[in-house]
Amino acid sequence: MTPTPPDPGPHASLERMNRFQEPEARRIIQDLALPAGSRGLDVGCGVGLWALWLAEAVGSGGHVLGIEPEVEKVEAARVRAGSSAAAARLEFKAGDGTAVPLPDRSVDWVWYGDVLHHVVDTERALRECRRVIRPGGRVMVKESQVPAAMFLPGHPELERRIQVAEIRRTLGEGAGRSFQERRQTTPAALRAAGLEPQMRTYVLERRAPLPPEAHDYIQHTVFTRNWGDRLRELLDAEDWQARTRLCDETSAANVLRSPDYYCLYPITVFSARVPA
């Protein structure tokens, strides 16, 4: 497993999620059975970890291009790839999934890793996807938490209200549709693009004592960032107090301190083949 650096840098939240998912990520990629020597596109590649793992899977004759609209993430991905054994078959560019910088029918597969729900113009993105894939190629859309994860075992009602607050918070970013809704309608989006989707869901289980990368992700990304100040106004005072008691890093009642702690976290992969 790739070691976790002591300081993930400015893209810490994304880095933590990828490290948390890494054991299952490698299994997912193995299950995809990407053809050796194939050429692929990772849309919204972030800091490049999934692109790196995909490049390892296609072997020395393959090639993976990662595109990402944020230039800082592109630079971070290039730095990471430069020290890897797969560097020669990896490329990163600034780019947008609705205007892919590739010619028609130039790749064998396209991968979207926790990104399609962020693209408001999903129809245009999938149209671009179909344009660049060769006939018979594959579209693969990975979405975390299509059904909600469980991070607060024993506190289902509180966690459900926190999840509803998260749904409300993302309505603005999703043009009136929450990220959860957009994730759950991925099959409909693929079918509207003329693709027949299949799906498979993997459930990540982490139990106490937590591995460092799991503790880091749950505490700093889920509890502190995702469930932090940006949800304060969306929870009532009682729920905010309960969330603080159970999730604050300095709280003696923090759930991660329990020897009985566990979490369940689903990842769903939707895939479809472009008609020949």
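I will try to describe carefully the structure that is included in this document. Everything quoted here is computed from the prediction, not taken from an experiment. (Residues numbered from 1 in each chain as written. Predicted model: local features only at pLDDT ≥ 70, side-chain atom pairs only at ≥ 80, totals over all residues. Heavy atoms only, no water.)

This part is about the packing of helix H8 (residues 212-226) against helix H9 (residues 237-247). Between H8 and H9, the shortest axis-to-axis distance is 11 Å and the interhelical angle comes to 170°. It follows that H8 is roughly antiparallel to H9 by the angle criterion. Along the contact surface, H8 presents Gln219, Phe223 and Thr224, while H9 presents Arg243, Leu246 and Cys247. Class assignment of the residues belonging to the contact of H8 with H9 gives a composition of three nonpolar, two polar and one charged. (Axes fitted to C-alpha atoms, helices over the stretch in contact; angles between N-to-C directions. Helix = DSSP H or I, 4+ residues; strand = E, 2+ residues; numbered from the N terminus. Parallel < 35°, antiparallel > 145°, perpendicular 65-115°, else oblique. Contact = heavy atoms within 4.5 Å. Nonpolar A, V, L, I, M, F, W, Y, C, P; charged D, E, K, R; others polar.)

Moving on, we get to the packing of aromatic side chains. For the structure on display, the rule yields nine aromatic pairs. Considering the side-chain rings of phenylalanine 20 and tyrosine 217, the 4.5 Å spacing of their centres and the 20° angle between planes classify their relative orientation as stacked. Separated by 197 residues along the polypeptide, phenylalanine 20 in helix H1 (residues 12-32) and tyrosine 217 in helix H8 bring together distant segments of the chain. Tyrosine 217 matches phenylalanine 20 in its accessibility class, with the two residues each being buried. Here the aromatic residues Phe20, Phe151, Tyr217, Phe223, Trp227 and Tyr265 are joined through ring pairs into a cluster of three or more. Above the ring of phenylalanine 20, the side-chain terminus of arginine 206 is found at 5.1 Å from the ring centroid. Against the face of tryptophan 240 rests arginine 243, its NZ or CZ located 4.6 Å from the ring centre. (Phe/Tyr/Trp six-rings, centres within 6.5 Å; stacked < 30°, edge-to-face > 60°. Buried < 20%, exposed > 50% of the residue type's maximum accessible area, 1.4 Å probe, protein only. Lys NZ or Arg CZ within 6 Å of the ring centre and 35° of its normal.)

Taken together, Val203, Tyr262 and Leu264 make up a surface patch of nonpolar side chains, about 250 Å² in accessible area. Note on placement: leucine 264 falls in strand S7 (residues 262-273). (Patch = residues over 30% accessible without salt bridge, like charges linked within 9 Å, V, L, I, M, F, W, Y side chains within 5 Å. Areas by Shrake-Rupley, 256 points an atom, 1.4 Å probe, with all protein chains shown as cover. Salt bridge = Lys/Arg side-chain N within 4 Å of Asp/Glu carboxyl O.)

We now examine the pairing of strand S5 (residues 133-144). Here S5 lies mainly inside the structure; nine of its 12 residues are buried. By the bridge criterion, six bridges tie strand S4 (residues 107-113) to S5 in an arrangement that is parallel. Each bridged residue has a counterpart across the sheet, and for tryptophan 111 the counterpart in S5 is methionine 140. Judged from the seven bridges that link them, S5 and S7 form a sheet pairing that is antiparallel. What sits directly across from lysine 142, in S7, is valine 269. (Pairing = 2+ DSSP bridges.)

Here the focus is the pattern of salt bridges. Pairing is possible between side chains that carry opposite charge, provided their charged atoms lie close to one another. Summed over the entire model, instances satisfying the criterion amount to 22 salt bridges. One salt bridge in this structure joins aspartate 216 and arginine 16, with 3.2 Å as the shortest N-O distance. One end of the pair, aspartate 216, is in helix H8; the other, arginine 16, is in helix H1, and 200 residues separate them in sequence. Neither residue differs from the other here; aspartate 216 and arginine 16 are each classed as buried.

Moving on, we come to the pairing of S4. With five of seven residues buried, S4 lies mostly within the body of the structure. Pairing of strand S1 (residues 39-43) with S4 involves four bridges; the strand directions are parallel. Counted as the bridge partner of leucine 41 is valine 110 from S4. Crossover S4 to S5 through helix H4 (residues 122-132) is right-handed. (Right-handed = clockwise from strand over helix to strand, strands pointing away.)

Read from one edge of the open sheet, seven strands run S3-S2-S1-S4-S5-S7-S6, paired in mixed fashion. The sheet is open, and its two edges are formed by strand S3 (90-94) and strand S6 (198-207), each paired on a single side. Averaged over neighbouring strand pairs, the angle between their axes works out to 20° when direction is ignored. Packed onto the sheet, helix H2 (residues 49-58) meets S1, strand S2 (63-68), S3, S4 and S5 and runs at close to 165° relative to S2. Relative to S3, helix H3 (residues 71-82) is tilted by about 165°, and along the sheet it contacts S2 and S3.

On to the side chain of aspartate 42. By the element assignment, aspartate 42 lies in strand S1. Buried charged residue aspartate 42 carries no salt bridge. Nearest counter-charge: lysine 142, at 9.5 Å. In this structure, aspartate 42 is in contact with Trp50, Ala51, Leu54, Val64, Leu65, Gly66, Ile67 and Trp111, ignoring residues within four places of it in sequence. (Lys, Arg positive; Asp, Glu negative; His and termini not counted.)

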